[in-house]
Amino acid sequence: RTKSDLRSDHTYFTREMGVEIRERVRMMHALRAAFEAERLYIVYQPQVEIGSGKPFGVEALLRWKNDDGELIPPDQFIPIAEYSGLIVNIGEWVLRTACFELVRISELGFQQFRMAVNVSQAQFMHPLFLQMLKRALTDSGISPQNLELEITESMAMTDPELVIANLEKIKEMGVRISIDDFGTGFSSLSQLQKLKVNKLKIDRAFINDICIGTDEGSIAKMIIELSQSLQLEVIAEGVENQLQADTLRTFGCHHAQGFLFAKPKNKNDLYSWLEQHI
Ligand code: C2E
Ligand code: MG
Ligand code: MG
Ligand code: MG
């Protein structure tokens, strides 16, 4: 290779990177504009008792349709919202909207219904997070124990001291905590014990494993046993077929969320779905 070959490789590489960064910046501006124009919305996916199919809660999931009417998956835009700091305001809006939605659901006759809300790391670590949470609770008037914050395992590992302190304060407020996508992060078991969360949410990947391979569902089974020995609640996400649901029950997991029971729904569809599944 000659020197000029190397140089042209190098310029090619940086140009590609430039394209990627420009694309990210473009998306960030579009996301901010969509948020400001109130074009983000929330869908709600029911969480049910596996045996009866009866709902006991919902998870709030953020949606963004861009100007062309295309849905951008949250896995694509949440990282951009985090990276740009937009997540702090967007996350506050999600939390408040979800709390007020829970009030409407309880007015429909669903008492002690739960609302699960995803909280990202940048939001959770923000110095005003606890204040924001308190305000959402008092303004909406919901019972704190009906609100559940979903945090990720990796979050719990980044700054354990601050996380533990925050979790304790959240617990004092009566708000519940679950660890989302459990089994995909790296939390140590001793750390898990220290965190004093209420629930483990088994990652979809392990539910998927239930119908294939030879070690069918062994990780899901292990997480369920772990939740039992730590006296935590457990829920399976991404349950798509009856075999998975039945297997989970034999393992001792009675709560699930997934397309088998219900897809995420806009609020009007949710109301009629709830009324049919009361
Ligand atoms: P998550 O919190 O683990 O949410 C569950 C995801 O699994 C949702 O994807 C849901 O639509 C999908 N899902 C549920 N049941 C099934 C099923 O049976 N099969 C399959 N294949 N998928 C199922 P979604 O809505 O695309 O959200 C992706 C992720 O984006 C969420 O994963 C969460 O980490 C993040 N996210 C969504 N909304 C918010 C939000 O308001 N704030 C934050 N910080 N993150 C959010
Ligand atoms: Mg979640
Ligand atoms: Mg999850
Ligand atoms: Mg997930």
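Here is a short report on the structure shown in this document. Only a predicted model underlies this, so the values are computations on that prediction, with no experimental measurement involved.

Section: the site of ligand 1
Then step 1. Every one of the 22 residues lining ligand 1 counts as a neighbour, but Arg63, Asp180, Arg204, Glu240 and Phe259 are closest to it.
Then step 2. The contact in question runs from an oxygen atom of ligand 1 to an N or O atom on the side chain of Glu237, over 3.2 Å.
Then step 3. Interatomic distance of 2.5 Å between a side-chain N/O atom of Glu240 and a nitrogen atom of ligand 1.
Then step 4. Considering ligand 1 on its own, with 800 Å² of exposed area, one finds that the protein chains cover 86% of that surface.
Then step 5. Elements supplying a minimum of two residues to the shell around ligand 1: β2 (55-65), α2 (74-84) and β6 (176-182).
Then step 6. Classifying every residue of the shell around ligand 1 by side-chain character gives 8 nonpolar, 5 polar and 9 charged.

Let's talk about the coordination of the magnesium ion (ligand 3)
Then step 1. Looking at the magnesium ion (ligand 3), the protein donor atoms are Asp180 (OD), Asp181 (OD), Glu237 (OE) and Glu237 (OE), and they sit 2.0 to 2.7 Å from it.
Then step 2. Counting gaps between the donor residues of the magnesium ion (ligand 3) yields the pattern D-D-x55-E.
Then step 3. Here the magnesium ion (ligand 2) and the magnesium ion (ligand 3) are spaced 3.8 Å from one another, each receiving a donor from Asp180. Here Asp181, found in strand β6, pairs with Glu237, found in strand β8 (residues 233-237); they are 56 residues apart in sequence, far enough to count as distant.

What about the pairing of β2?
Then step 1. Within β2, 10 of the 11 residues are buried, which leaves it mostly tucked inside the rest of the structure.
Then step 2. Pairing of strand β1 (residues 40-49) with β2 involves 9 bridges; the strand directions are antiparallel. Bridge pairing in β2 links Pro46 to Val58.
Then step 3. Where β1 folds back on β2, the antiparallel hairpin that results is connected by 5 residues, among which Gly53 adopts a positive phi of roughly 75°.
Then step 4. Pairing of β2 with strand β4 (residues 114-118) involves 4 bridges; the strand directions are parallel. Directly across from Val58, in β4, lies its bridge partner Met115.
Then step 5. Here β2 folds back onto strand β3 (residues 71-72), and the loop between the two strands holds 5 residues, one of which, Gly69, carries a positive phi near 80°.

Quick look at the coordination of the magnesium ion (ligand 2)
Then step 1. Looking at the magnesium ion (ligand 2), one finds its protein donor set to be Glu59 (OE), Asn118 (OD1), Glu150 (OE) and Asp180 (OD), positioned 1.9 to 2.2 Å from the metal centre.
Then step 2. Each donor residue of the magnesium ion (ligand 2) lies on the same chain, and together they follow the pattern E-x58-N-x31-E-x29-D.

What about the packing of aromatic side chains?
Then step 1. Evaluated as defined, the whole model comprises 4 aromatic pairs.
Then step 2. An angle of 75° between the planes, with centres 6.4 Å apart, marks the rings of Phe35 and Trp93 as edge-to-face. Taken together, the residues span a long stretch of sequence, with Phe35 in helix α1 (residues 3-36) and Trp93 in helix α3 (residues 87-107) at a distance of 58 residues.
Then step 3. With a relative accessible area of 28%, Trp93 lands in the partly exposed category.
Then step 4. Ring geometry for Phe124 versus Phe129: centroids 5.4 Å apart, planes at 50°, classification tilted.
Then step 5. Exposure remark for Phe124: the relative accessible area of 0% places this residue in the buried category.
Then step 6. Geometry around Tyr83 places Arg24 over its ring, the cationic atom sitting 5.0 Å from the centre.
Then step 7. Across from the ring centre of Phe259, 4.9 Å away, lies the NZ or CZ of Lys263, which sits over that ring.

Notes on helix α12 (residues 267-276)
Then step 1. For α12, the set of buried residues is Leu270, Tyr271, Trp273 and Leu274.
Then step 2. On its buried side, α12 packs onto β1, β2 and α3.

Considering the side chain of Asn198
Then step 1. Mapped onto the elements, Asn198 comes out in the loop between α8 (189-195) and β7 (199-202).
Then step 2. Within the structure, Asn198 has its side chain in polar contact with the backbone nitrogen of Ile177 (distance 2.8 Å).
Then step 3. In this view, Asn198 contacts Lys171, Val175, Arg176, Ile177, Leu232 and Glu233; residues no more than four positions away in its chain are not counted.

About the cut-offs
- Residues numbered from 1 in each chain as written.
- Chains lettered and ligands numbered in written order.
- Predicted model: local features only at pLDDT ≥ 70, side-chain atom pairs only at ≥ 80, totals over all residues.
- Heavy atoms only, no water.
- Near = heavy atom within 4 Å.
- Polar contact = N/O pair within 3.5 Å; in protein donor to acceptor, adjacent residues only side chain to side chain.
- Areas by Shrake-Rupley, 256 points an atom, 1.4 Å probe, with all protein chains shown as cover.
- Helix = DSSP H or I, 4+ residues; strand = E, 2+ residues; numbered from the N terminus.
- Nonpolar A, V, L, I, M, F, W, Y, C, P; charged D, E, K, R; others polar.
- Donors = N, O, S within 2.8 Å, 3.2 Å for Na, K, Ca; no water.
- Buried < 20%, exposed > 50% of the residue type's maximum accessible area, 1.4 Å probe, protein only.
- Pairing = 2+ DSSP bridges.
- Phe/Tyr/Trp six-rings, centres within 6.5 Å; stacked < 30°, edge-to-face > 60°.
- Lys NZ or Arg CZ within 6 Å of the ring centre and 35° of its normal.
- Contact = heavy atoms within 4.5 Å.

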